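This is what each chain is made of:
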Amino acid sequence: MKVLVLGAGGVGGVVGGRLLAHGADVSFVVREHRKAQLAREGLRIESPLGNLHLQARALLASELQPEFDVVVMACKAYDLGSAIATVRSGVSNRTAILPLLNGLAHLERLNEIFGKEHVLGGSAKMQVALSPTGVVRQLNDWQTLTFGEQDGRLTPRVVALREMIQKTGIEAQLSTDIFRDMWMKMVHLATVAGMTCMMRANVGEIVRTPEGGELLKRFLHRNADIAAHFGYRPDEKFMASYLALFSDSASRYEASMARDLEKGGQVESEQILGDMLKRCRQAVVPDDLHLAAYTHVKAYEQRRDAGRLPKLAPG
């Protein structure tokens, strides 16, 4: 299978890099600066699971041909429009598109542009960051991809993709109900993103406050109730796992959105917290926590756009 990975940083860098290291035919579509950096220094991955330094085939969008069997779209959800424009010329009538974006709303747009038969559902469980020097840093040993056909069929293409990914050490889970799996990630993500952004603290720091742990759990239950309204109630195992995670006073876990916010970067405000607030109101679930979290990040964006964020201290 010929694989095209959008970008060579974060999740795309790890997935594409590990595929490349295990003999897969992988290309990365990147911007000019990143292409030059990869040509000069190679693709560098630092990970608790093993470092990699690879020579990678990097292409500009203008160099793409419709030759790929799989296109992996691993980008921020707010970059969906530019991502579609970037990969479009690499998509043929045989291409499967695997989006690993946060949120739910992107599937509708991808279906509209490429056709539902070309689009898989998917999600990634990985904590990864691209350093200013171009090194892809995997922050822990989480590395799971969950994906499947939107209609739940176990087609030859998703079976083959799973086998290829499994060889790399990344756990590849084939789903026959990908919408449920994406909803479960949204329940978890909306909780941790909303709380760690709003409190400007990681899970352990929140839990160590007098009532922070209870607030985290309340937000999780609200998000679970929203999912239930849309037909995807989390099961007891899921809830027990995340209630334990959000009770751990030693946890350093925080959403990537919180890290982006602390750095003064762009955040997925609409795609996660804004979308969940809308769905919260559709489900007629109390919206006070969602409204506070969404307003917090939107106010941050106002300050960022006005150039009024505090300067980060050196180091």
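Now for a look at the structure at hand.

Structural notes on the sheet that holds strand 12 (residues 171-174)
Taken in spatial order, the 3 strands make up an open sheet running 8-11-12, and their pairing is mixed. The sheet is open, and its two edges are formed by strand 8 (120-125) and strand 12, each paired on a single side. The average angle at which neighbouring strand axes cross in this sheet is 15°, direction not considered. Here strand 11 (residues 144-149) pairs with strand 12 via 4 bridges, running parallel. Residue pairing in the sheet places Leu145 in a bridge with Ala172 of strand 12. Contacts from helix 6 (residues 178-199) reach strand 8 and strand 11 within the one sheet, and its direction differs from that of strand 8 by about 35°.

Looking at the packing of aromatic side chains
Per the counting criterion, the structure on display carries 5 aromatic pairs. Here Tyr242 and Phe246 contribute two aromatic rings whose centre-to-centre distance is 6.1 Å and whose plane-to-plane angle is 40°, an arrangement assigned as tilted. A single burial state applies to Tyr242 and to Phe246, both of which are buried. Through successive ring pairs, a cluster of aromatic residues spans Trp183, Phe230 and Tyr232. One Lys or Arg, Lys125, reaches over the ring of Trp142 and ends 4.9 Å from the middle of that ring.

Structural notes on the packing of helix 8 (residues 212-229) against helix 9 (residues 236-245)
Two elements in contact, helix 8 and helix 9, have axes whose closest approach is 10 Å; the angle formed by their N-to-C orientations is 155°. By the angle between their directions, the pair helix 8 and helix 9 is classed as roughly antiparallel. In the packing of helix 8 onto helix 9, the handedness of the crossing is right-handed. Contacts from Lys217, Leu220, His221 and Ala224 in helix 8 reach Met239, Tyr242 and Leu243 in helix 9.

Here we look at the pairing of strand 1 (residues 2-6)
Taken across its 5 residues, strand 1 has 4 buried, putting it largely inside the fold. Here strand 1 runs beside strand 2 (residues 25-29); their pairing, made up of 5 bridges, is parallel. Across the sheet, Lys2 pairs through a bridge with Asp25, a residue of strand 2. Strand direction decides the pairing type here: strand 1 and strand 6 (residues 70-73), joined by 4 bridges, are parallel. Across the sheet, residue Val3 finds its bridge partner in strand 6, namely Val70.

Some words on the sheet that holds strand 1
Strand order across the open sheet formed by 5 strands is 5-2-1-6-7, with parallel pairing between neighbours. Bordering the open sheet on either side are strand 5 (57-59) and strand 7 (96-99), each of which pairs with just one other strand. The average angle at which neighbouring strand axes cross in this sheet is 25°, direction not considered. Pairing of strand 2 with strand 5 involves 3 bridges; the strand directions are parallel. Bridging from a neighbouring strand, Ser27 pairs with Arg57 of strand 5.

Calculation rules
- Per chain, the residues get numbers from 1 upward, laid out in the order the sequence is written.
- Note on the predicted model: pLDDT of at least 70 is required for a residue's local features to be given, and 80 or more for side-chain atom pairs to be given and counted; whole-chain, interface and lining totals, by contrast, use all residues.
- Here the side-chain values reflect all heavy atoms present in the structure, with hydrogen atoms and water set aside.
- Here the rule is simple: two strands pair whenever DSSP picks up at least two bridges between them.
- For helices the rule is a DSSP run of H or I covering at least 4 residues; for strands it is a run of E covering at least 2, with both sets numbered from the N terminus onward.
- To get an axis, fit a line to the C-alpha atoms, keeping to the stretch in contact for a helix; angles then go from 0 to 180 degrees between the N-to-C directions.
- Any two residues having at least one pair of non-hydrogen atoms within 4.5 Å are treated as being in contact.
- For Phe, Tyr and Trp, rings pair up if their centres lie within 6.5 Å, where Trp contributes its six-membered ring, and each pair is then called stacked (planes under 30 degrees apart), edge-to-face (over 60) or tilted (otherwise).
- Think of it in three bands: with a 1.4 Å probe and only protein chains considered, a residue is buried below 20% of the maximum accessible area for its type, exposed above 50%, and partly exposed in between.
- Both a distance and an angle decide whether a charge sits over a ring: NZ of Lys or CZ of Arg must be within 6 Å of the ring centre and within 35 degrees of the ring normal.
- When an angle is under 35 degrees it counts as roughly parallel; over 145 it counts as roughly antiparallel; between 65 and 115 it counts as roughly perpendicular; any other value is oblique.
- Take the far helix as your reference; a near helix turned counterclockwise from it by less than a right angle gives a left-handed crossing, and one turned clockwise gives a right-handed crossing.

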